[in-house]
Amino acid sequence: RKEVEQDPGPFNVPEGATVAFNCTYSNSASQSFFWYRQDCRKEPKLLMSVYSSGNEDGRFTAQLNRASQYISLLIRDSKLSDSATYLCVVNRGASGGSNYKLTFGKGTLLTVNP
Amino acid sequence: NAGVTQTPKFRVLKTGQSMTLLCAQDMNHEYMYWYRQDPGMGLRLIHYSVGEGTTAKGEVPDGYNVSRLKKQNFLLGLESAAPSQTSVYFCASSYSIESNTEAFFGQGTRLTVV
């Protein structure tokens, strides 16, 4: 099982649609979780952290299920500007300073169509 | 505030040539990382540093060397470039490697080895 696996996509949705991205991780020692967004030919940028209780930022909702080792991102009322690749990111953290690993999923491409 | 700056942004190398990629950050971050991003492979960690004077191997370190002589700079060297090293290279930095710390990325270096 790969460390971080995402829906392969791509997703093509009309404006206003709700779209969900799923991600699973294999290392139960993982400590923190993120969704990053990467626009075409640009660098990744943090979209939102994912907290155990779930968290929301405007149209974006992130959920974490530690028991199932599963992370999700829900985008409501999608906009043209949401078109990007969404990266699931897991941080194993650093116990003792030498075990750091921030692992990226391969990303899921979203295209929002007019 | 420049954040993370990579130089150069583009480079074409011949097989066997050497080069150094420079990453500079002005956020006083302790931790710095070099990733490569290839189609279908996602972001993979090459080397990272947890502080000035320290470096550690990541997931795909072969063929690369790094140095962190100054806290704000992290250099990635290719001693003898190979076509397999054609990729987009991203540098990143973060304040901490503990939970929920955002990693900030540079704009990337597109390297082609012919």
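Anything mentioned here points back to the structure above.
Residues numbered from 1 in each chain as written. Chains lettered and ligands numbered in written order. Predicted model: local features only at pLDDT ≥ 70, side-chain atom pairs only at ≥ 80, totals over all residues. Heavy atoms only, no water.

A. Structural context of the overall build of chain B. When helices and strands are counted, chain B shows zero helices and 11 strands. Relative to its length of 114 residues, chain B is compact, with a C-alpha radius of gyration of 13 Å against a globular reference of 13 Å. By its C-alpha atoms, chain B is 40 × 30 × 25 Å across when sized along the principal axes. Of all 114 residues assigned to chain B, the portion counted as buried reaches 48%. Considering only contacts within chain B whose residues lie at least 6 apart along the sequence, 55% involve residues at least 24 apart. Carbon and sulfur atoms make up 52% of the accessible area of chain B, which totals about 5300 Å². Here chain B holds 10 positive side-chain charges and 9 negative ones, and the gap between their average locations is 10 Å. (Helix = DSSP H or I, 4+ residues; strand = E, 2+ residues; numbered from the N terminus. Rg over C-alpha atoms; globule rule 2.2 N^0.38 Å. Buried < 20%, exposed > 50% of the residue type's maximum accessible area, 1.4 Å probe, protein only. Contact = heavy atoms within 4.5 Å. Areas by Shrake-Rupley, 256 points an atom, 1.4 Å probe, with all protein chains shown as cover. Lys, Arg positive; Asp, Glu negative; His and termini not counted. Charge placed at Lys NZ, Arg CZ, Asp CG, Glu CD.)

B. Region of interest: the side chain of Gln6 of chain A. Residues and elements named next belong to chain A. Within the secondary structure, Gln6 sits in strand β1 (residues 4-6). Reaching out from Gln6, the side chain makes a polar contact with the backbone oxygen of Tyr86 at a distance of 2.9 Å. Apart from residues lying up to four places away in sequence, Gln6 is in contact with Asn22, Cys23, Trp35, Tyr86, Leu87, Cys88, Gly105, Lys106, Gly107 and Thr108. (Polar contact = N/O pair within 3.5 Å; in protein donor to acceptor, adjacent residues only side chain to side chain.)

C. Highlighting the packing of aromatic side chains. Within this structure, the stated rule accounts for 13 aromatic pairs over all chains. Between Phe104 of chain A and Phe105 of chain B, the ring centres sit 5.8 Å apart and the planes meet at 80°, which makes this aromatic pair edge-to-face. Here Phe104 of chain A is found in strand β10 (residues 102-104), whereas its partner Phe105 of chain B is found in strand β10 (residues 104-105) on a different chain. The class for Phe105 of chain B is buried, based on a relative accessible area of 7%. Grouping aromatic residues by their ring pairs yields a cluster made of Phe34, Tyr36 and Phe104 of chain A together with Tyr33, Tyr35, Phe90 and Phe105 of chain B. (Phe/Tyr/Trp six-rings, centres within 6.5 Å; stacked < 30°, edge-to-face > 60°.)

D. Inspection of the interface of chain B and chain A at higher detail. Taken together, the contact pairs 22 residues of chain B with 25 residues of chain A. Buried surface at the junction of chain B and chain A, both sides included, amounts to about 2000 Å², of which 52% is carbon and sulfur. There are zero salt bridges connecting chain B and chain A. Seen at the junction of chain B and chain A, the total is four residue pairs in polar contact (both at pLDDT 80 or more). (Buried area = accessible area lost by both parts, 1.4 Å probe. Salt bridge = Lys/Arg side-chain N within 4 Å of Asp/Glu carboxyl O.)

E. Layout of the nonpolar core. Core analysis: the biggest nonpolar cluster contains 23 residues, and Phe21, Trp35, Ile71, Leu73, Ile75, Tyr86 and Leu110 of chain A have the highest contact counts within it. In contact with Leu73 of chain A, not counting residues within four places along its chain, are Val19, Ala20, Phe21, Trp35, Leu47, Met48, Phe60, Thr61 and Tyr86 of chain A. Ranked by size, the runner-up nonpolar core spans 18 residues in total, among them Leu21, Met32, Val66 and Leu111 of chain B. (Core = buried A, V, L, I, M, F, W, Y, C linked by side-chain atoms within 4.5 Å.)

F. How the structure looks around the pattern of salt bridges. Per the counting criterion, the structure on display carries seven salt bridges over all chains. Lys79 of chain A serves as the salt-bridge partner of Asp77 of chain A, at 2.9 Å between the closest nitrogen and oxygen. With a relative accessible area of 37%, Asp77 of chain A lands in the partly exposed category. On the basis of relative accessible area, Lys79 of chain A is assigned to the partly exposed category, the value being 32%. We note a salt bridge from Glu30 of chain B to Lys71 of chain B, for which the minimum N-O separation is 3.1 Å. Taken together, the residues span a long stretch of sequence, with Glu30 of chain B in the loop between β3 (19-25) and β4 (31-38) and Lys71 of chain B in the loop between β7 (65-67) and β8 (73-78) at a distance of 41 residues. One connected set of salt bridges, linked through shared partners, spans Arg36, Asp38 and Arg44 of chain B.

G. The arrangement of unusual backbone geometry in detail. All names here are of chain A. Put simply, Gly9 and Pro10 share a cis peptide bond, and its omega is -5°. Along the chain, Pro10 falls in the loop between β1 and β2 (11-14). Phi at Arg41 is positive, roughly 65°, even though this residue is not glycine. Tracing the sequence through the fold places Arg41 in the loop between β4 (32-38) and β5 (44-50). Not every positive phi belongs to a glycine, and Asp77 is a case in point at roughly 50°. Along the polypeptide, Asp77 turns up in the loop between β8 (70-75) and β9 (84-91).

H. Summary view of the sheet that holds β1 of chain A. Residue and element names in this part refer to chain A. Read across the sheet, five strands follow the order β1-β3-β8-β7-β6 without closing on themselves; strand pairing throughout is antiparallel. The sheet is open, and its two borders are formed by β1 and β6 (55-57), each paired with just one other strand. Neighbour to neighbour, the strand axes of the sheet diverge by 15° on average, direction disregarded. (Pairing = 2+ DSSP bridges. Axes fitted to C-alpha atoms, helices over the stretch in contact; angles between N-to-C directions.)

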